[in-house]
Amino acid sequence: MGDITGAAVHAFALRDKDLTSQTGVELGNFKNFEGRDLVAGLDKKLAALLGTTYDKIVVNDMVVHQPSGQIFLSVERGRSTDAISAIVKVNHGQLEVLELDGIPHSQVRIPHEPNEKAMLEFATQRSFAITDVKYYKGEIFVTGVSNQRFASTLYRIPYPFNAQMATSTVEIWHTVHGEFETRAPIIRQLIRELQGEPYLFAVYGCTPLVRIPLSSLKDGAHVRGDVIGELGYGANPLDMLTFTDPFDQKEYLLVTMDTRSASRLSVLDIATAKPQPTGVPIDFGPSGLGKTQATLPIKAEHFAVLSPKWAVQIWRHPKTGYRLDLSSLAMPYCFERKDDMSEMNWPNGPDPFHYREHHREISYMP
């Protein structure tokens, strides 16, 4: 867990009793593109659980422990510097606070954290001290902003924690902005081994896709990431993950956005894509791999893969400004048939995709 206020990363070693198998939870009709609300009115139920009102609830992230199907939410009660954090798990549609006090725990401090009073134009620098935390083969990778001259920083930390840590600064050429950037941090990252070499893939705000060989991330290194695609402008990445399409069995990279449809790219393509040139004029259009991206109609504020055929999403109900729902979503097309008004919605309407033949084929958590 990333702790921005304390400038630290905490690791809790979950035990069997901290996880509850979700076997038997109904997910929906996969062949009919019909998910299920796993928790309707999530924000109000979190508010009731944490003793506040829905407008004081912030869901920061969501992860899935796939062997058990347990969904975990990182939640804050409050919207100021004194907000109280909690980890909430979803147990057969009910919300439970994960009591952290008795769980084996270790932590490591992140150096060079920004001063609490240092400001950006629209937020404090400290609010970006940690932007993402990922684990890969015995190491934790932490991205964010430091108080150094080249503020965009990446920490590579062995786990279990010891006194060692590699700190690198990162810069990129941002085509949409037409300049080298050394302060804007990586917002989302993942680490994958491709063609025998591990890479860190990253997405920034406004949304360049970047590839960095792990071999270059050494202590004290200043690294220039290869921008291999511009996914568009005026958006921020929310989640970044890979999944295998159950139909064509190919692996894809998925980046969900806050203001537009999600981007889907072939993992093979991101391994072999040529870096975009630097020093070129500003270009607001998608470029590089951005020109080959497919879009998926994901409207989630948080998104995670639950199983080969199902994802879970936290999304805002379109009829209200406040209601959040936690729902299942069929992969890989990631849309809810009931959300779109069309001729096929009529009971006696056309059925070109044979939806009604699969009306009773309900999936459950294995």
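Each remark here, short or long, concerns the structure printed above.
No experiment lies behind these values; they were computed from the predicted model shown. (Residues numbered from 1 in each chain as written. Predicted model: local features only at pLDDT ≥ 70, side-chain atom pairs only at ≥ 80, totals over all residues. Heavy atoms only, no water.)

Student: Would you take a moment to explain empty space enclosed by the protein for this structure?
Tutor: Empty pockets left among the atoms are what a rolling probe the size of a water molecule brings to light. Taken as a whole and assessed by the stated rule, the structure comprises 1 cavity of 30 Å³ or more. Looking at the lining of the largest cavity, the elements with two or more residues in it are strand 27 (310-316) and strand 28 (324-330). (1 Å grid on protein atoms, 1.4 Å probe; cavity = no way out; pocket = protein on both sides within 12 Å on 5 of 7 lines; lining within 4 Å. Points joined across faces, edges and corners; volume = space filled by probe spheres on them. Helix = DSSP H or I, 4+ residues; strand = E, 2+ residues; numbered from the N terminus.)

Student: Which parts of the structure should I look at to understand a nonpolar patch on the surface?
Tutor: A cluster of nonpolar side chains, namely Tyr233, Ile282 and Phe284, defines an oily patch on the protein surface of about 340 Å² accessible area. Residue position: Phe284 is located in the loop between helix 2 (267-272) and strand 24 (287-288). (Patch = residues over 30% accessible without salt bridge, like charges linked within 9 Å, V, L, I, M, F, W, Y side chains within 5 Å. Areas by Shrake-Rupley, 256 points an atom, 1.4 Å probe, with all protein chains shown as cover. Salt bridge = Lys/Arg side-chain N within 4 Å of Asp/Glu carboxyl O.)

Student: Help me understand the pattern of salt bridges in this model?
Tutor: As a working rule, side chains carrying opposite charge can pair if their charged atoms are close by. On inspection of all chains with the given rule, the structure shows 16 salt bridges. One salt bridge in this structure joins Arg109 and Glu113, with 3.2 Å as the shortest N-O distance. By relative accessible area, which is 46% here, Arg109 ends up partly exposed. Taking relative accessible area as the criterion, Glu113 reaches 25% and is therefore assigned partly exposed. For Asp339, the salt bridge is made with Lys338, and the minimal N-O distance between the two is 3.5 Å. (Buried < 20%, exposed > 50% of the residue type's maximum accessible area, 1.4 Å probe, protein only.)

Student: Explain the sheet that holds strand 10 (residues 105-109) here, please?
Tutor: Adjacent strands of a sheet form backbone hydrogen bonds with each other and so pair up, either parallel or antiparallel. Taken in spatial order, the 3 strands make up an open sheet running 1-2-10, and their pairing is antiparallel. Two strands lie at the open edges of the sheet, namely strand 1 (2-3) and strand 10, each paired on one side alone. Judged from the 2 bridges that link them, strand 1 and strand 2 (residues 8-12) form a sheet pairing that is antiparallel. Looking across to strand 2, one finds that Gly2 is bridged to Val9. (Pairing = 2+ DSSP bridges.)

Student: Can you walk me through the environment of Lys44 in this structure?
Tutor: Within the element layout of this structure, Lys44 appears in helix 1 (residues 42-50). A relative accessible area of 43% places Lys44 in the partly exposed class. Taking C-alpha positions, Lys44 is 8.1 Å from Leu324, a pair spaced 280 residues apart along the chain. With near-sequence residues (within four places) excluded, Lys44 lies in contact with Tyr54 and Tyr322. (Contact = heavy atoms within 4.5 Å.)

Student: Could you clarify how one ought to interpret the pairing of strand 17 (residues 197-203) in this entry?
Tutor: A regular strand carries its side chains on alternate faces of the sheet. Summarising burial for strand 17: 5 of the 7 residues are buried, a large majority. As defined by bridge partners, strand 17 adjoins strand 18 (residues 208-213) across 5 bridges and the pair is classed as antiparallel. Directly across from Leu200, in strand 18, lies its bridge partner Ile212. The antiparallel hairpin formed by strand 17 and strand 18 contains 4 residues in its connecting segment, where Cys206 sits at a positive phi of about 75 degrees.

Student: Is there a simple way to think about the packing of aromatic side chains in this case?
Tutor: The description of two aromatic rings rests on the distance between their centres and on the angle between their planes. For the coordinates displayed, the defined rule picks out 12 aromatic pairs. Taken together, a centroid distance of 5.9 Å and an interplanar angle of 40 degrees make the contact between Tyr199 and Phe201 tilted. A relative accessible area of 14% means that Tyr199 is categorised as buried. Between the aromatic rings of Phe247 and Tyr333, the centroid separation amounts to 5.9 Å while the plane-to-plane angle is 25 degrees, which identifies the pairing as stacked. Here the residue Phe247 occupies a position in the loop between strand 21 (237-244) and strand 22 (251-257), and Tyr333 occupies one in the loop between strand 28 and strand 29 (363-364), the gap between them amounting to 86 residues. A connected cluster of aromatic rings, assembled from ring pairs, spans Phe30, Phe33, Phe247, Trp310, Tyr333, Phe335, Phe353 and Tyr355. The ring of Tyr252 carries the charged tip of Arg264 above its face, separated from the ring centre by 4.1 Å. Of note, Arg337 hangs over the ring of Tyr355, and the distance from its end group to the ring centre comes to 4.2 Å. (Phe/Tyr/Trp six-rings, centres within 6.5 Å; stacked < 30°, edge-to-face > 60°. Lys NZ or Arg CZ within 6 Å of the ring centre and 35° of its normal.)

Student: Even after reading the chapter, I still don't get helix 1, so can you show me in this structure?
Tutor: Every α-helix carries 3.6 residues per turn, so stepping three or four residues along brings you back to the same face. By the burial criterion, the buried members of helix 1 are Leu42, Asp43, Leu46, Ala47 and Leu50. The arc that holds the buried residues of helix 1, viewed along the axis, is 135 degrees, so those residues lie on one side. Directly beyond the C-terminal end of helix 1, a positive phi value near 70 degrees is found at Gly51. (Arc of directions from axis to C-beta.)

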